[in-house]
Amino acid sequence: MVAGAGSGKTFTIMGKVKYLIEKEGYKEDEILCISFTNETVKNLYEKLLELGYEIEVKTFHKLGLKFLEGENYTIVEDSYLGYIIDEYVRSFIQYDKKRVRLFKNILYTEKSFSNLLKSQEYKNLKKTMMNFIKLAKSNHFTIRDIYDVYKRSWFNEKSLLKNILDVYMIYERELESSLKIDFDDMITKAIENVRITDMRYKYIIIDEFQDTSMIRYELIQEIVKYTNSRVFVVGDDWQSIYRFSGCNLKLFLHFNQYFKESKYFYLKYTYRNSNELIHVSSQFIMQNRKQLKKSILSQKNLTKPIVILFSYTVSEILSLIQGEEILILGRNNADIASVDWENKLTIHRSKGLEEKNVILVNSDSIPNVMQQERIMRHVLKDNDYILYEEERRLFYVALTRTKERIFIQVNRKISPFVKELMRDYRQYVTVLKK
């Protein structure tokens, strides 16, 4: 089921469960629902309970754990990989002048080493290294595969890839020696245990399928293999914002290649955005190649749903709106940390949320410019790398949280996305300057 922003994905899943039980005769314990976060799982479970159905609803993480009952493993969070990177830098780089020089070249900085680990440059590099390793593992890249990437890489990438390779080997060795596993290891071991686990599943429903990774897909396929279950998925490729955490959008875009004899249905009505905002956001997201074309319709109309404000403080924007139905969004935690407002989340955590008015603070920080971002193409298993592709989808998510207007705060520099809105959609945009 191909959905759009605000088109009622949860309502569709509820209707599907109701139909399966009341019309098709499925029992509650024969249906498995999977959603992406603990919050969406809780929301879906409670809504199904309100309908009178107690359905098993799990994240992929909790589903994987189900197949590891009795296993003696400690599952580590992403922060453990971050800790390994920090220790690697302190232990292997700090006391080697040549390594320090090469590391500074990677970061494009001349800061002293004592200030290096506190810098934003290092934080960005650390995130790049973590994402690279997570992508590699979720796509079944071995250490040998990464070494092959290193050997054929061009000069400017070689130093970074050498550091990533070192960290990857240390990380895997530390996990193995202490009987620890990460999320990808856990899913791999869960796949191995599916055949020895008693299951009654006959229907599997997956929410937010656009954010599914290859390894999660393999777990579902293994369950289908041993239970002969049918699969129903709901997702929106325009809102796929976890690619650098291992999610593979091709699974959604080419669903019929992975699940044979499948049918596509479209949810084309939105109950959230105005037609004007739909026009802008749809044209904006389709600048990415290989997004699915959709015709989204609304019964709402609103003149100029986008307001761009130069040099306004958040307090001044709040006063301008004069209402409490406001959701404040930021690209990073740092963008919203100092905002004194209860209803705030980062854009990543805002999926599924909506509010009458939305304020996007510090739009300067999106797209998030990471100098090492292009290195990810080596582990994405495709040749269609697009600059800021993921960030464009993230900006789309921010635009489509509003039921009326989005207020975009511009501080020191103008985001290329904001420039695009002002250039290409002037009739839908109000610009306010102090």
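Note: the structure precedes this text.
In short, a report on the structure. (Residues numbered from 1 in each chain as written. Predicted model: local features only at pLDDT ≥ 70, side-chain atom pairs only at ≥ 80, totals over all residues. Heavy atoms only, no water.)

What follows is about the sheet that holds strand E10 (residues 355-360). Pairing is parallel across the open sheet formed by six strands, whose spatial order is E9-E8-E10-E11-E7-E12. Among the strands making up the open sheet, the edge pair consists of strand E9 (344-346) and strand E12 (429-433). Sheet twist, expressed as the mean angle between neighbouring strand axes with direction ignored, is 20°. Helix H17 (residues 389-399) rests against strand E8 (326-330), E10 and strand E11 (402-410) of the sheet, and its axis sits at about 125° to E11. (Pairing = 2+ DSSP bridges. Helix = DSSP H or I, 4+ residues; strand = E, 2+ residues; numbered from the N terminus. Axes fitted to C-alpha atoms, helices over the stretch in contact; angles between N-to-C directions. Contact = heavy atoms within 4.5 Å.)

Attention now moves to unusual backbone geometry. For the peptide bond that leads from Ile366 to Pro367, omega is 5°, which places it in the cis range. With respect to the element layout, Pro367 can be found in the loop between E10 and H17. We note that His140 has phi near 65°; this positive angle belongs to a residue other than glycine. Taking relative accessible area as the criterion, His140 reaches 40% and is therefore assigned partly exposed. A positive phi angle, close to 55°, is found at Leu179, a residue other than glycine. Among the structural elements, Leu179 can be located in the loop between helix H9 (155-177) and strand E4 (180-181). (Buried < 20%, exposed > 50% of the residue type's maximum accessible area, 1.4 Å probe, protein only.)

In this section: helix H2 (residues 38-50). With 13 residues, H2 should cover 18 Å at 1.5 Å per step; its first-to-last C-alpha distance of 18 Å lies within 8% of that length. All of the buried residues in H2 are Val41, Leu44 and Leu48. End-on view of H2: buried residues confined to an arc of 70°, all on one side of the axis. Facing away from the buried side of H2 by more than 90 degrees, the exposed set consists of Asn38, Lys42 and Glu50. (Expected span 1.5 Å × (residues − 1). Arc of directions from axis to C-beta.)

Let us now look at the pattern of salt bridges. Evaluated as defined, the whole model comprises 29 salt bridges. Here Glu56 and Lys58 are joined by a salt bridge, their closest N and O atoms 3.9 Å apart. Close ionic contact of Glu420 with Arg392 constitutes a salt bridge, the shortest N to O distance being 2.9 Å. You can see Glu420 sitting in helix H18 (residues 416-424) and its partner Arg392 sitting in helix H17, a full 28 residues away along the chain. (Salt bridge = Lys/Arg side-chain N within 4 Å of Asp/Glu carboxyl O.)

Our next topic: the nonpolar core. Counting 40 residues, the largest nonpolar core has Ile85, Val89, Phe103, Phe132, Val167 and Tyr171 as the members making the most contacts within it. The set of elements that each furnish at least two residues to this core consists of helix H4 (78-93), helix H5 (97-107), helix H6 (113-116), helix H7 (120-138), helix H8 (143-152) and H9. In terms of residue count, H9 provides more of this core than any other element does, nine residues in total. Apart from the residues within four sequence positions on either side, Phe103 is in contact with Val89, Ile93, Leu116, Tyr122, Leu125 and Asn163. Counting 34 residues, the second-largest nonpolar core is a separate cluster that includes Phe60, Met214, Leu249 and Leu251. (Core = buried A, V, L, I, M, F, W, Y, C linked by side-chain atoms within 4.5 Å.)

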